[in-house]
Amino acid sequence: EAEELVAWTMIEYNSYFGALLADKVASVPSPRGLLRVQSDPTRPAVYAAIQPAADQGHAALGISKYTHMSSPIRRFVDLYNQHVLFDSLVAAYAHPVLGLLEGSDVAVLDDQ
């Protein structure tokens, strides 16, 4: 019972972040995150780079966007996806501060 609860929690977590990665990273040229894609439940799932507007669901789980992100100490793809998501969030929210500044912009920051 506890193992099943943990398994479903991980699936929900990975599904949530798969959808978030697909949404956030779709507008970023590169690198894109990796989804776990399975078009036919009788065939094994494979990793595929996120492609905007592509059908990249996981048939056996019945999830439209699924990735591995919940165990970065066990799988490299989890660590990779976490870095891609972090980079996309930094680009989205910190760009005005971290972006390239021109001379007058630098002077304004110096004054503050």
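In this text, all values refer to a predicted model and were calculated from it rather than measured experimentally.

With that settled, the discussion passes to the overall build of the protein. Summing up its helical and strand segments, the protein has three helices and two strands in all. Ordered by position in the sequence, the α and β elements of the protein form the string α-β-β-α-α. A buried classification covers 29% of the 112 residues belonging to the protein. Pairs at least 24 residues apart make up 46% of the contacts formed inside the protein by residues separated by at least 6 positions. Roughly 7,600 Å² of accessible area belongs to the protein as shown, and the carbon and sulfur atoms make up 60% of that amount.

Turning to the packing of aromatic side chains, a few remarks are in order. A full pass over the atoms with the stated rule returns three aromatic pairs. With centroids separated by 4.7 Å and ring planes inclined at 55°, the aromatic side chains of tyrosine 13 and phenylalanine 17 adopt a geometry described as tilted. One end of the pair is tyrosine 13 and the other is phenylalanine 17, both in helix 1 (residues 2–25) and four residues apart, which spans about a single turn. What makes tyrosine 13 partly exposed here is its relative accessible area of 34%. Where tyrosine 16 meets phenylalanine 17, the ring centres are 5.0 Å apart and the plane angle is 85°; that geometry is what we call edge-to-face. What makes phenylalanine 17 buried here is its relative accessible area of 17%. Taken together, the ring pairs connect Tyr13, Tyr16 and Phe17 into an aromatic cluster. Directly above the ring of tyrosine 47 sits arginine 36, whose terminal nitrogen or CZ lies 4.5 Å from the centroid.

What follows is about the side chain of serine 71. Structurally, the position occupied by serine 71 is in the loop between strand 2 (46–49) and helix 2 (76–98). One polar contact links serine 71 to arginine 74, side chain to side chain, over a distance of 2.7 Å.

A general trend in soluble globular proteins is that nonpolar side chains are found buried together. Of all hydrophobic cores here, the largest spans nine residues; its members are Phe17, Leu21, Ala22, Leu35, Val37, Ile50, Met69, Val84 and Leu85. Listed by contribution, the elements that provide at least two residues to this core are helix 1, strand 1 (34–37) and helix 2. In terms of residues, this core owes the most to one element, helix 1, which gives three residues. Apart from residues no more than four positions distant in its own chain, methionine 69 is found in contact with Tyr13, Asn14, Phe17, Leu21, Asp78, Asn81, Gln82 and Leu85.

We now examine the pattern of salt bridges. Pairing between side chains of opposite charge can happen when their charged atoms approach one another. Inspection of every chain in the model, using the stated rule, returns one salt bridge. The partner of arginine 75 in a salt bridge is aspartate 78, with the nearest N and O atoms 2.7 Å apart.

Basis of the calculations
In this convention, every chain numbers its residues from 1, walking through the sequence in written order. Predicted model: local features are reported for residues with pLDDT of at least 70 only, side-chain atom pairs are reported and counted for 80 or more only, and whole-chain, interface and lining totals are derived from all residues. Side-chain numbers come from the whole structure's heavy atoms, not from hydrogens or water. Counting from the N terminus, the helices are the DSSP runs of H or I reaching at least four residues and the strands are the DSSP runs of E reaching at least two. In this scheme, a residue with accessible area under 20% of its type's maximum is buried, one over 50% is exposed, and one in between is partly exposed, where area comes from a 1.4 Å probe on protein chains only. Contacts: residue pairs with any heavy atoms within 4.5 Å of one another. Where accessible areas are quoted, they stem from the Shrake-Rupley method and a 1.4 Å probe; at the residue level, only the protein chains shown are allowed to cover. Think of it this way: a Phe, Tyr or Trp ring, Trp meaning its six-membered ring, pairs with another when their centres are within 6.5 Å, and the plane angle makes it stacked under 30 degrees, edge-to-face over 60, tilted otherwise. Note on geometry: a ring has a charge over it if NZ (lysine) or CZ (arginine) is within 6 Å of the ring centre and within 35 degrees of the ring normal. A 3.5 Å cut-off defines polar contacts: any pair of N or O atoms within that distance qualifies, except that in protein one atom must be a possible hydrogen donor and the other a possible acceptor, and neighbouring residues in sequence count only when both atoms are side-chain atoms. We define a nonpolar core as any set of buried Ala, Val, Leu, Ile, Met, Phe, Trp, Tyr and Cys residues linked to one another through side-chain atoms lying within 4.5 Å. Put simply, a salt bridge is a Lys or Arg side-chain nitrogen that is within 4 Å of an Asp or Glu carboxyl oxygen.

Function cannot be inferred from these measures alone, as they are strictly geometric.
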